[in-house]
Amino acid sequence: MYEPGWSREEGVVSELELLPEPTGVSVSVSVSVSVSVSEQPSASRSSRLTVITIVVVVAVRAMSRLRRESSRQSVITVELIQFIIQYRAKETQEKKKRRLADEDDELSEVQPDAVPPEVREWLASTFTRQMATSRRKSDEKPKFRSVAHAIRAGIFVDRMYRRVSSSALTAFPPDVVRLLKNLDDWTFDVFALTEAASGQVVKYVAYELFNRYGSIHKFKIAPGILEAFLHRVEEGYCRYRNPYHNNLHAVDVMQTIHYCLCNTGLMNWLTDLEIFASLLAALLHDYEHTGTTNNFHVMSGSETALLYNDRAVLENHHASASFRLLREDEYNILSHLSREEFRELRGLVIEMVLGTDMTNHFQQMKAMRQLLTLQEATIDKQKVLSLVLHCCDISHPAKQWGVHHRWTMLLLEEFFRQGDLEKELGLPFSPLCDRNNTLVAESQICFIDFIVEPSMGVMSDMLELILAPIAPMNKAKPSTLVEHEPTANSTTNSAIVIPNSGITPSMEKPQSRTEAKTTAAECLARKSLTGSAASKFNIPKPWLSCLVENKRIWKEQAVKDAEARALATAAEEAAAAAAAAEVKEEGEGESKPETEAADGEQSESAAEPADGAAA
């Protein structure tokens, strides 16, 4: 019953420090038990003393163990734990309030007294995307029951992170590092990157962006699991060997949405979870694309069209296949999200991916224009991010000509392949899918005039409206995690290192947005708000000049194509006329001997009666 070194007859005094002295927070436990040797305790006092002794033993053991652990790890103070708990609780409440306030449905028009609370909760959970917030689920993360539990949890997390960070390091391709330094540019040359990265562009760009925004650290994503996940994503994009909808397109869209997040200040309007969801949606928005359109799936009666009832066939498949992949343990980068966080992220990713369906384009633009005309417009974050991703998805005509022209040729080749398949199946050609009757330049001019340019305009107006109130408070954009190139004084073979997963040029510690220290000029690449207070907030619009230049080149190309077609048509007509004339001459040549023979026969027949008459 009694531990060695402890005596019932002697007094015991133990004082332990829970945390080291430098932290500024110490928790001490003092237990004092005094028993006189000559005194004969009663049975009740004996039992009480036994209980006290046991409590002392357990407390001393636990605190000694905790002290050993804390001496080996970085110390997390009690004040820090309490601040984190209070902050997270306040942030959760604000998220719930914003979700309820931003929800665009008719439930808000129902008076609170009109229906019982249970019915209202059922309406909200069944017919809207609102979550039931009045009840706490039993399987949600419990709050810390004591400061000691919080400290233990903090020490455990810190220990696990240090274990991952101190793992073996491997070299990172220098050419990839050099190209990733241009990741903040509007026109990022993903074609040059794929040559340097041996075609594995997803793992480099995705890991860099997740790390740059601190998502890997904040959501406790294991490097090994992230590497496996990105490898599977890359395989899914390369499954059908599409010329356009492949891993390069995924990275191009992901980089473009990164530009919109950091260079416009949009990231300051979003939470860390919403930023993570936006990057993830951009990465997965065309996962396992078949290289054919929704119309082809519907017309051919594919299994995918039957599964999704001809509605947003590919977009539904992209979202569904992505979350099926994330459900597998070895690829689940979302395993450390709480249930509430997972629901929020899943809902946002699905909404954004489904928003890339082009059949919703004009409806989406019309709805946003109407919201922007309101005096006090309240725009739902899902609608904002869905429109941003949609614009990024169709943004290649707004990039520099070299990149845009290459994307255009790849997209047309994918269309032509679908046309060839439609011809084999006896289906009518889809628009722009006939190799012999597609006007490339004219199609791109119309695409820019009626789709891309208006979309980028609506997105610009929307971002300027929602970001203007927070413009003076905009934080610095996340600094790159790519190591700087070696200086002249450094060795040329200095290694650029990453975790043993081999997939990032990150520094040893990921930096959060608040830790990024840059100058005011580097904070946002936007027009500064100088002058009067009434000056309008503007975001950078590098796509405007690109659209003008690309349209000019396409118009020139259209004129050349028209002249070439006119010459080809004239040549064909001349050839046809020559062929007809030749046929006519051949016909006349064959008919002339026949005519002469017929004339000879007639003359002979006419001469015979004359001879007879003479006789």
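How each quantity is defined
Residues numbered from 1 in each chain as written. Predicted model: local features only at pLDDT ≥ 70, side-chain atom pairs only at ≥ 80, totals over all residues. Heavy atoms only, no water. Helix = DSSP H or I, 4+ residues; strand = E, 2+ residues; numbered from the N terminus. Salt bridge = Lys/Arg side-chain N within 4 Å of Asp/Glu carboxyl O. Buried < 20%, exposed > 50% of the residue type's maximum accessible area, 1.4 Å probe, protein only. Contact = heavy atoms within 4.5 Å. Phe/Tyr/Trp six-rings, centres within 6.5 Å; stacked < 30°, edge-to-face > 60°. Lys NZ or Arg CZ within 6 Å of the ring centre and 35° of its normal. UniProt positions renumbered as here; feature names shortened; annotations may be inferred. Polar contact = N/O pair within 3.5 Å; in protein donor to acceptor, adjacent residues only side chain to side chain. Patch = residues over 30% accessible without salt bridge, like charges linked within 9 Å, V, L, I, M, F, W, Y side chains within 5 Å. Areas by Shrake-Rupley, 256 points an atom, 1.4 Å probe, with all protein chains shown as cover. Core = buried A, V, L, I, M, F, W, Y, C linked by side-chain atoms within 4.5 Å. Expected span 1.5 Å × (residues − 1). pLDDT = per-residue confidence, 0-100. Axes fitted to C-alpha atoms, helices over the stretch in contact; angles between N-to-C directions. Left-handed = near helix turned anticlockwise from the far one by under 90°. Nonpolar A, V, L, I, M, F, W, Y, C, P; charged D, E, K, R; others polar.

Participant: Sorry if this is basic, but what is going on with unusual backbone geometry here?
Facilitator: For residues besides glycine, phi is generally negative; the peptide bonds are generally trans as well. Residues other than glycine seldom take positive phi values, yet R241 does so here, at roughly 55°. Inspection of the secondary structure puts R241 in the loop between α9 (223–237) and α10 (247–263). Even without glycine at this site, D310 takes up a positive phi of about 65°. Within the secondary structure, D310 sits in the loop between α13 (303–307) and α14 (313–327).

Participant: Teacher, can you tell me more about the pattern of salt bridges here?
Facilitator: Opposite charge on two side chains lets them pair, provided their charged atoms get close. The final tally for this structure, using the stated rule, is 17 salt bridges. Measuring nitrogen to oxygen at the nearest pair gives 2.8 Å for the salt bridge that ties D449 to K551. In this pair, D449 sits in helix α19 (residues 440–467) while K551 sits in helix α21 (residues 543–614), placing the two residues 102 residues apart along the sequence. Given a relative accessible area of 30%, D449 falls into the partly exposed group. Residue class for K551 comes out buried when judged on its relative accessible area of 17%. What emerges from the salt-bridge pattern is a single network uniting E413, R417, D420 and R435.

Participant: Please explain the environment of M459 as it appears in this structure.
Facilitator: Of note, M459 is situated in helix α19. A sequence separation of 71 residues divides M459 from V388, and the C-alpha atoms of the two residues are 6.6 Å apart. Not counting the four nearest positions on each side in its chain, M459 is found in contact with C260, L387, V388, C391 and W543.

Participant: Hey, could you run me through the packing of aromatic side chains in this one?
Facilitator: To describe a pair of aromatic rings, you give the distance between the ring centres and the angle between the ring planes. Applying the stated criterion to the full structure yields 9 aromatic pairs. On the numbers, 5.2 Å between centres and 55° between planes, the contact of W186 with W543 is tilted. Of this pair, W186 sits in the loop between α5 (174–180) and α6 (190–196) while W543 is found in helix α21, placing the two residues 357 residues apart along the sequence. Relative accessible area serves as the criterion here: at 6%, W186 is assigned to the buried category. Residue class for W543 comes out buried when judged on its relative accessible area of 1%. Ring plane angle 50° and centroid distance 4.7 Å describe the contact between F191 and W407, whose orientation is recorded as tilted. With a gap of 216 residues between them, F191 in helix α6 and W407 in helix α18 (residues 401–425) connect regions that are remote in the sequence. Taken together, W186, Y259 and W543 form an aromatic cluster joined through their ring pairs. Positioned over the ring face of F323 is R346, at 4.8 Å from the centre of the ring. Over the aromatic face of F191 sits the side chain of R406, whose NZ or CZ is 4.3 Å from the ring centroid.

Participant: Looking at this model, I keep getting lost on the UniProt feature "binding site: Zn(2+) 1" (unreviewed entry) in the chain. Mind explaining?
Facilitator: The UniProt record marks H249, H285, D286 and D393 with the feature "binding site: Zn(2+) 1" (unreviewed entry), using the residue numbering of this structure. A compact arrangement is adopted by the annotated residues: their sequence extent is 145 residues, whereas the largest C-alpha distance between any two is 9.9 Å. Looking at the element boundaries, H285 is found in the loop between α11 (272–284) and α12 (294–300). Here H285 is in contact with Y237, H249, A250, V253, H318, V353, T356, L389 and D393, once residues within four sequence places are set aside. At 3.1 Å, the side chain of H285 forms a polar contact with the side chain of H249. Following the sequence through the fold, D393 ends up in helix α17 (residues 381–393). The exposure class assigned to D393 is buried, which follows from its relative accessible area of 13%. Ignoring sequence-local partners within four residues, the contact set of D393 consists of Y244, H249, V253, H285, D286 and T356. There is a polar contact of 3.1 Å between the side chain of D393 and the side chain of H285.

Participant: So what exactly am I meant to see when it comes to a nonpolar patch on the surface here?
Facilitator: Judged by side-chain polarity, F83, I84 and Y87 come together as a nonpolar surface patch covering roughly 320 Å² of accessible area. One can find F83 in helix α2 (residues 78–102). On the basis of relative accessible area, F83 is assigned to the exposed category, the value being 52%.

Participant: Quick question: what am I supposed to make of the nonpolar core here?
Facilitator: Soluble globular proteins tend to bury their nonpolar side chains together. The biggest cluster of nonpolar side chains holds 107 residues, and the ones touching the most others in it are F210, F229, L266, L283, V388 and M459. In terms of residues, this core owes the most to one element, α19, which gives 11 residues. Residues in contact with F210, not counting those within four places in the same chain, are S215, I216, L226, M254, F276, L279, L280 and L283.

Participant: Mind showing me how you'd approach α18 here?
Facilitator: In an α-helix, one turn spans 3.6 residues; hence positions three or four apart end up facing the same way. Counted at 1.5 Å a residue, the expected span for α18 with its 25 residues is 36 Å, and the 36 Å between its end C-alpha atoms agrees. Where α18 ends, the next residue or the one after it, G426, has phi of about 75°, a positive value.

Participant: Sorry, what's going on with the UniProt feature "binding site: Zn(2+) 2" (unreviewed entry) in the chain here?
Facilitator: Mapped onto this numbering, the UniProt entry gives "binding site: Zn(2+) 2" (unreviewed entry) at D286. Once you skip the residues sitting within four places of it in the chain, D286 turns out to touch Y237, H245, H249, H318 and D393.

Participant: Help me understand the confidence of the model for the chain, please; the structure alone is not making it clear to me.
Facilitator: Reading predicted coordinates in detail is not appropriate for stretches of low pLDDT. Per-residue confidence for the chain averages 76 on the pLDDT scale, and 62% of its residues sit at or above 70. Of the regions scoring below 50 in pLDDT, residues 1–41 engages in 66 contacts with residues more than four places distant in sequence or in other chains. Taken together, the stretch residues 156–170 has pLDDT below 50 and engages in 24 contacts with residues farther than four places along the chain or on a different chain.

Participant: Before we go on, may I ask you to explain the environment of L307 in this structure?
Facilitator: Relative to the helices and strands, L307 resides in helix α13. Residue classification places L307 among the exposed residues on the basis of a relative accessible area of 57%. Between the C-alpha atom of L307 and that of H317, which follows or precedes it by 10 residues, the distance is 9.2 Å.

Participant: What am I meant to see in the packing of helix α16 (residues 361–372) against α19 here?
Facilitator: Helix packing for two helices is described by the angle between their axes and how far apart those axes are. Two elements in contact, α16 and α19, have axes separated by 10 Å at closest approach and are oriented at 35°. Relative to α19, α16 is oriented so that their crossing is left-handed. Every residue of α19 that contacts α16 at H361, F362, M365, M368, R369 and L372 is listed here: F450, I451, P454, S455, V458, D461, M462 and L465. For the contact of α16 with α19, the per-class residue count stands at 10 nonpolar, 2 polar and 2 charged.

Participant: What is the right way to look at the environment of G419 in this model?
Facilitator: Position of G419 relative to the elements: it lies in helix α18. For G419, a relative accessible area of 0% corresponds to the buried category. Remark: the alpha-carbon pair of G419 and D434, spanning 15 residues in sequence, is separated by 5.5 Å. The residues contacting G419, other than those within four sequence positions of it, are F429 and C433.

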